Structure formats: structure tokens, C-alpha cells
Amino acid sequence: MRDPEWEAIEAELKRDVPVDPVAMRLVMQRVREAVVPPWPRRAWQWMVRPRRISVSPVGGLLSAATFAALILFATRAGTDLATGGALPADAIAGGAAAEIQDVQFVLVADDASEVAMAGDFNDWNPGATPLGRTGVAGVWSVVVPLPPGAYLYAFVVDGDTWVADAAAPRAPENAFGGPTSIVVVGEEL
Amino acid sequence: VTQRDVPEVIVGMSDLSDAELVRQVQRGETERYAVLVERYYDVCMRYAFRMLGDRQDAEEVVQDAFVRAHGSLHRYQDRDRFRGWLLRILVNRCRSVLRRQRQATRLFVPYDSAVDAAATVEFVDPCWSRAVQRALQQLSPPLREALLLRCVEELPYEEIARTTGASVSAVKMRVMRAREQIRTLLQEKQNA
């Protein structure tokens, strides 16, 4: 049996309520914020999140001392590594003591106005190791500290003339095509 | 009639069933949840507004219910209907708000221009609309809850019983009493 009175009430109760579209979109915004990100992103967020740390004076001093010790250790390790990097591969493989020796190179060039050296020890850069005049006329000299190893080298006179060392054995071949000498530093070599 | 911007994700998704959408969201496709929000926001707003009597309170509760439902989606099972499951969460959220407000009845129905305007657009007398809402607010929350779930949301008595925690016979009795009371209240209003 129909009940018009109740049907009218029910129709009113079923009538939609106006919806604010902004409020509806806010739901998805809140949902996105609530979604837990995967663990790598969570870990990264944890790492980069700024936080305030309280440290006692003693704790601060200990931290500073530890930090300084680490820096010192890293610097020394870096220096050792750099020195070792300059060693010839055969010297390192032979286990030779990395004892640097001063090696004097001498060239007699009466008419030269400038003399320099290029070799394995300075990456064949003539400008890096210039020779100086000695007290004897026409005699040029330089002392180069070298770790044990075998080095190819040549003199460069007046910037463009490559000259082998008459006092040293000649190297059989030179990658640069000019006269080249060889010097061996260290007994075991 | 409210003009809505349909989110891009919803286009072409309206044919998918609730269960399929829920599975997609469970697999991590969070944006698919927007389709479910779009589908049931009206239903939830209607229930919450009728239950709480205030549109702002209703919006907060509905948003909260959707966010909580998303957070609990891993507990959702296919045998539940999403709508009923969502309504269960909403019912509990409304109960919490009512407990917090400690208001058994709300005799004063706040003026809401949007609700009145919507009534006018649908050729409904705003005075009638407010009278029904006022009468509804005068019902006790358990009666109002049972009436709305049965007569407005049309849930089966068994599902209402599961949702509200009352027995099926208690739910039937509440619905009957709610109908009688609301009818009486409106007659008194007309006679006055």
C-alpha cells in the first residue's frame, strides 16, 4: 500500500547534499600524503631530514678530535698514494724500498742559452725541469730527486733541440723519435 | 547541480567494478582510488550530513572516512561490498563525532545557503527541506542511524546489524520507531 506522506519524507532524505569539489579533491591529496613511500625513499628522506643534535662540551671535543684524526689519516694516506703513483710499475712490482735518491744530470753545451730535461719523471714536459749553469763555462746541471726505477730522458737545448746524455746509456727506441738516454735508480734494478 | 572537474584518472575508469579498482589500489596504483572517491563521495556526504546536521562537520568526517578506508584497504576482502564497507567506517566516524559533541539531539538546524539553493533548483520547498532535517535531528542517534541506513542507503537489515552492532530485530524496531517519530514530528510542525 502506497504511503504518499512517507514517500515525500523519504524523497527529501534521499536528496543529494551539495558537494564542494575542492573538499572532494582534498581527499586524494590527504590519501597521497598518507601513502608510505617505498623503503629507499624513506631511507633517503630520513638521511636528508634536518634534525637538531644536542652535544655536551666533552662530547663535542671528542667528536672534534676524532674528526681531526680522520682528516690527518686521510691526508697521509693520500700523500702515500700520490707518491706511490709516481713510481714506475716495475719498481712497485719489485718491492723496492721507495727511497728517493738525488740524481745529478750534466750536459756540456757551449752555445746553449737554455737547457731543460724531459723524461718519464716529468711526463716529458721540458718546461718542468730546467738545467742551471754551473761555475764551469758551457756546463749545465740539475739535480732531480728520483725514486728507484728506470727512466728514459733527454735534454732539450734552446727549446727545440733534443740531445741524448753522453754519460748515460742510450735507449734503443724513443716513442718521440729523438735521441733518448736511460738512467737506473736503485741497486736492485 | 554542482559542476565538477573530473580528474583525468577517472576518465575511462568508470566501468571498472569496485573490486577491480580496490585490487588496483592495493597493488600500489593510488590514483585509482580517485574513482572510488568520485563514485561514493555523494553517498557519504548525504549520510554524514543527515546524521550530523552540519555540512562542514559532514565534509570533515567524509574526508576522514575515505582516508581511513584507504589506509585500511589491505584488510578489505572481496566478499565485502566496498560501499557497505566504506559506510561502516563512516558510521563509526559519525558516532565518534556525536560522542565528542555530546549532542543527543540537535534542535537547531543551521542555515545552509547551499542546501537551500540545491532544494530550490530541484523544485523542493526549502522550508520543507529544513523541517525534515530538523525532525531527523530530533531522533536519537541510534534511530537516526538505522533509519538512514535502511530507508536512504537501502542496506539490507543484516548488513545494518553488522554495521551498527545491533541485532536484526533491534534494527527493524529502530527503523519502525524512527519512521513513526519523524512523521509525528512533522505533523506537529504542520499543526503548529
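The rules behind these values
- Residues numbered from 1 in each chain as written.
- Chains lettered and ligands numbered in written order.
- Predicted model: local features only at pLDDT ≥ 70, side-chain atom pairs only at ≥ 80, totals over all residues.
- Heavy atoms only, no water.
- Buried < 20%, exposed > 50% of the residue type's maximum accessible area, 1.4 Å probe, protein only.
- Helix = DSSP H or I, 4+ residues; strand = E, 2+ residues; numbered from the N terminus.
- Arc of directions from axis to C-beta.
- Contact = heavy atoms within 4.5 Å.
- Axes fitted to C-alpha atoms, helices over the stretch in contact; angles between N-to-C directions.
- Parallel < 35°, antiparallel > 145°, perpendicular 65-115°, else oblique.
- Left-handed = near helix turned anticlockwise from the far one by under 90°.
- Nonpolar A, V, L, I, M, F, W, Y, C, P; charged D, E, K, R; others polar.
- Phe/Tyr/Trp six-rings, centres within 6.5 Å; stacked < 30°, edge-to-face > 60°.
- Lys NZ or Arg CZ within 6 Å of the ring centre and 35° of its normal.
- Expected span 1.5 Å × (residues − 1).
- Polar contact = N/O pair within 3.5 Å; in protein donor to acceptor, adjacent residues only side chain to side chain.
- Buried area = accessible area lost by both parts, 1.4 Å probe.

Focus: helix 1 (residues 18-26) of chain B
All names here are of chain B.
Argument step 1. Asp-18, Leu-21, Val-22, Gln-24 and Val-25 are the residues of helix 1 that are buried. Taken end-on, helix 1 shows its buried residues confined to a sector of 160 degrees, consistent with a single buried face.
Argument step 2. Looking at the buried residues of helix 1, the elements they touch are helix 2 (33-52), helix 3 (55-71) and helix 4 (82-101).

Concerning the packing of helix 6 (residues 126-137) of chain B against helix 9 (residues 168-191) of chain B
Relative placement of two packed helices is described by the angle separating their axes and the distance separating the axes.
Residues and elements named next belong to chain B.
Argument step 1. For the pair helix 6 and helix 9, interaxial distance at closest approach is 9 Å and the crossing angle is 130 degrees. Judged by the inter-axis angle, helix 6 sits oblique to helix 9. Considering the relative orientation of helix 6 and helix 9, their crossing is right-handed. Seen from helix 6, the contacting residues are Trp-128, Ala-131, Val-132, Arg-134, Ala-135 and Leu-136; seen from helix 9, they are Ile-182, Leu-185, Leu-186 and Lys-189.
Argument step 2. Per-class residue counts for the contact of helix 6 with helix 9 are 8 nonpolar, no polar and 2 charged.

A look at the packing of aromatic side chains
Argument step 1. Per the stated rule, a full pass over the model turns up 9 aromatic pairs over all chains.
Argument step 2. The interplanar angle of 65 degrees and the centroid separation of 6.2 Å between the aromatic rings of Phe-121 of chain A and Tyr-151 of chain A together place this pair among those described as edge-to-face. Placement of Phe-121 of chain A in the loop between strand 2 (115-119) and strand 3 (129-133) and of Tyr-151 of chain A in strand 5 (residues 149-157) is noted, with a sequence separation of 30 residues between them.
Argument step 3. Residue Phe-121 of chain A is classed as partly exposed on the basis of its relative accessible area, which comes to 21%.
Argument step 4. Ring plane angle 85 degrees and centroid distance 6.0 Å describe the contact between Tyr-153 of chain A and Phe-155 of chain A, whose orientation is recorded as edge-to-face.
Argument step 5. An aromatic cluster of three or more residues is present, and its members are Phe-105, Phe-121, Tyr-151, Tyr-153 and Phe-155 of chain A.
Argument step 6. Above the face of the Tyr-157 of chain B ring, Lys-172 of chain B is positioned so that its terminal group lies 5.4 Å from the ring centre.

Looking at helix 2 (residues 21-34) of chain A
Three- or four-residue spacings in an α-helix give side chains the same orientation, since the helix completes a turn every 3.6 residues.
Argument step 1. The terminal C-alpha atoms of helix 2 of chain A lie 20 Å apart, and with 14 residues this matches the ideal 20 Å at 1.5 Å per residue to within 8%.
Argument step 2. The complete set of buried residues in helix 2 of chain A reads Pro-21, Ala-23, Met-24, Val-27, Met-28 and Val-31 of chain A.
Argument step 3. Where helix 2 of chain A is buried, its residues meet helix 2 and helix 3 of chain B.
Argument step 4. Here helix 2 of chain A starts with a cap whose side-chain oxygen sits 3.1 Å from the backbone nitrogen of Val-22 of chain A, and that cap is Asp-20 of chain A.

Here we look at the interface of chain B and chain A
Argument step 1. Counting residues at the interface gives 42 residues for chain B, matched by 26 residues for chain A.
Argument step 2. Buried area between chain B and chain A, summed over both chains or domains, comes out near 3,400 Å², and the portion from carbon and sulfur atoms is 62%.
Argument step 3. Along the contact surface separating chain B from chain A lie 14 residue pairs in polar contact (both at pLDDT 80 or more).
Argument step 4. For the side of chain B that touches chain A, the secondary-structure elements that each account for two or more residues are helix 2, helix 3, helix 5 (113-121), helix 6, helix 7 (141-152) and helix 9 of chain B.
Argument step 5. In terms of residue count, the dominant contributor to the side of chain B that touches chain A is helix 2 of chain B (10 residues).

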